[in-house]
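Each chain is listed here by its residues.
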Amino acid sequence: MSSVKELLTSTPLQSIDAKVLLSFLCHQFLGWSKSQLISRDHEALPEGLLLEWKRFEQQRLEGLPVAYLIGTKAFHNIELQVNNSVLIPRPETELLVDFAIQEIEKRLSADSELIHCLDLGTGSGAIALAIAFHFKDHPKAVERLKILATDTSTEALVTAETNSAHLGLGHFVSFKQSDWFSTLGVQTFDLIISNPPYISKDDPHLKLGDLRFEPISALTDFSNGLANYVELIYSAKSFLLSGGCIAFEHGYNQSKEISDLLLFEGFSSPQTLQDLAGLDRITFSYLN
Ligand code: GLN
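What you are looking at is a predicted structure, and each value in this text was computed from that prediction instead of being measured.

Asker: So what about the overall build of the chain? Which residues, and what values?
Answerer: Counting secondary structure elements, the chain contains eleven helices and nine strands. Taking 288 residues into account, the globule formula puts the C-alpha radius of gyration at 19 Å, and the chain, at 21 Å, falls close to it. Along the first, second and third principal axes, the C-alpha set of the chain runs to 70 × 45 × 35 Å. Residue burial in the chain is summarised as follows: out of 288 residues, 49% are buried. Put simply, 69% of the contacts in the chain that link residues at least 6 apart link residues at least 24 apart. In the form shown here, the chain has an accessible surface area of approximately 13800 Å², with 55% of it arising from carbon and sulfur atoms. The centroid of the 22 positive side-chain charges in the chain is displaced by 2 Å from the centroid of its 36 negative side-chain charges.

Shown next, in the form of structure tokens:
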């Protein structure tokens, strides 16, 4: 007879992982809330749950990310379905969402017409959907904000569209399969944002932790980590309105090169924002 308390004291997993996995199983099998996980932690758990726990424990010990095991990840103010065809949304990416929200708010209060945003390489839809969720009850945004999210992967787009439907954001966000700008035709945007694959192909982190299980093409450009920025910054000029904004997430040591690329392509003075760890994480600029 095993209880939550016994499983948590005897597991070799890290306490935080074990709690998330057990909380998921107790909710699924018994309908328990998080507080019941604590108040009922001495009760014997059913056989089916214990079998599933053993399977989870084993898979986590083999390295599988918790988010893929439970199939969801919290990001900004939303909960996203995730699977091994999409990158697991990272907390530092919330900074790009907050930045985009500010940019959209500026435009909403300036009473501009429609506001068109483009999220390139959306994966699970995290960035586009977190922005849309923020504005879902905003009367001006409901009429004027349009977000297009693209990805080159069909599997990723299926996941992103499922997330959009679950969150009821279909009226804000549309999806299109595209290798960066390749299938977008002639369109212009007020805001272009992206968290492209930026890890260099030789970075040892690709062989560590959760990254081993994530889609490699969402992590690395198979080059020096900057190849996608070169392409995106060059092409973005044709897709941004005058006064439009471009903003990227990037690696902690890439802000200088990205700023130089932006200046080289004629964008206004780039600015960089730091994440909660104090690392350069977002660089943005405007097209004059
Ligand atoms: N931020 C991710 C990491 O360092 C990488 C995601 C990306 O390349 N865009 O694990």
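Asker: Tell me about the environment of Ala-67, and name the residues and values.
Answerer: You can see Ala-67 is positioned in helix H5 (residues 66-70). In sequence terms Ala-67 and Pro-89 are 22 residues apart; their C-alpha atoms lie 9.5 Å from each other. Those residues in contact with Ala-67 that sit more than four places away from it in its chain are Thr-72, Lys-73, Val-82 and Ile-88.

Asker: Run through the site of the ligand, naming residues and quoting values.
Answerer: Near the ligand you find Leu-87, Arg-90, Glu-92, Asn-195, Pro-196, Pro-197, Tyr-198, Ile-199, Leu-211, Ala-218, Leu-219 and Glu-249, and these make up its full shell. Tyr-198 places a side-chain nitrogen or oxygen 2.8 Å from a nitrogen atom of the ligand. Contact distances for the ligand include 3.2 Å between an oxygen atom and a backbone N or O atom of Leu-219. Summarising the interface, the protein chains cover 88% of the accessible area of the ligand, which totals 300 Å² for the free molecule. Taken together, the residues of the shell around the ligand break down into eight nonpolar, one polar and three charged.

Asker: Run through unusual backbone geometry, naming residues and quoting values.
Answerer: Positive phi, normally seen in glycine, also occurs at Trp-180, with a value near 50°. Mapped onto the elements, Trp-180 comes out in the loop between strand S5 (173-177) and strand S6 (189-194). Here Trp-180 falls in the buried class, since its relative accessible area comes to 11%. The phi torsion at Phe-222 lies on the positive side, around 60°, for a residue other than glycine. The residue Phe-222 is located in the loop between S6 and helix H10 (227-236) in this model. We classify Phe-222 as partly exposed; its relative accessible area is 49%.

Asker: Residue-level account of the sheet that holds strand S7 (residues 240-249), with values.
Answerer: Across the sheet, seven strands lie side by side as S5-S4-S3-S6-S7-S9-S8; this open sheet has mixed pairing. The open sheet has two edge strands with one neighbour each: S5 and strand S8 (271-274). Strand-to-strand twist of the sheet, defined as the mean angle between neighbouring strand axes without regard to direction, takes the value 20°. Against the sheet, helix H6 (residues 94-109) contacts strand S3 (115-120), strand S4 (145-151), S6, S7, S8 and strand S9 (280-286), and its axis sits at roughly 160° relative to S7.

Asker: Any chance you could break down the packing of aromatic side chains for me, citing the residues and the numbers?
Answerer: Enumeration over the complete set of coordinates arrives at five aromatic pairs. The interplanar angle of 85° and the centroid separation of 6.1 Å between the aromatic rings of Phe-284 and Tyr-286 together place this pair among those described as edge-to-face. Classification of Phe-284 as buried rests on a relative accessible area of 7%. By relative accessible area, Tyr-286 is classed as partly exposed at 21%. A network of ring pairs unites the aromatic residues Phe-99, Phe-284 and Tyr-286 as a single cluster. Across from the ring centre of Phe-133, 4.6 Å away, lies the NZ or CZ of Lys-136, which sits over that ring.

Asker: Tell me about the nonpolar core, and name the residues and values.
Answerer: Ile-131, Phe-135, Leu-145 and Val-173 are the most contacted members of the largest nonpolar core, which totals 37 residues. Those residues in contact with Ile-131, other than ones at most four positions away along the chain, are Val-97, Ala-100, Ile-101, Ile-104, Ile-147 and Ile-193. Residues Leu-148, Ala-236, Leu-240 and Ile-258 belong to the second largest nonpolar core, which totals 28 residues.

Asker: For the side chain of Thr-150, give the residues involved together with the corresponding values.
Answerer: Within the secondary structure, Thr-150 sits in strand S4. Discounting residues that sit within four places of it in the chain, Thr-150 has contacts with Leu-118, Asp-119, Leu-120, Gly-121, Thr-122, Leu-157, Lys-176, Ser-178, Trp-180 and Leu-184.

What counts, and at which threshold
Residues numbered from 1 in each chain as written. Predicted model: local features only at pLDDT ≥ 70, side-chain atom pairs only at ≥ 80, totals over all residues. Heavy atoms only, no water. Helix = DSSP H or I, 4+ residues; strand = E, 2+ residues; numbered from the N terminus. Rg over C-alpha atoms; globule rule 2.2 N^0.38 Å. Buried < 20%, exposed > 50% of the residue type's maximum accessible area, 1.4 Å probe, protein only. Contact = heavy atoms within 4.5 Å. Areas by Shrake-Rupley, 256 points an atom, 1.4 Å probe, with all protein chains shown as cover. Lys, Arg positive; Asp, Glu negative; His and termini not counted. Charge placed at Lys NZ, Arg CZ, Asp CG, Glu CD. Near = heavy atom within 4 Å. Polar contact = N/O pair within 3.5 Å; in protein donor to acceptor, adjacent residues only side chain to side chain. Nonpolar A, V, L, I, M, F, W, Y, C, P; charged D, E, K, R; others polar. Pairing = 2+ DSSP bridges. Axes fitted to C-alpha atoms, helices over the stretch in contact; angles between N-to-C directions. Phe/Tyr/Trp six-rings, centres within 6.5 Å; stacked < 30°, edge-to-face > 60°. Lys NZ or Arg CZ within 6 Å of the ring centre and 35° of its normal. Core = buried A, V, L, I, M, F, W, Y, C linked by side-chain atoms within 4.5 Å.

Fair warning: the whole summary comes from geometry, so function is off the table for now.
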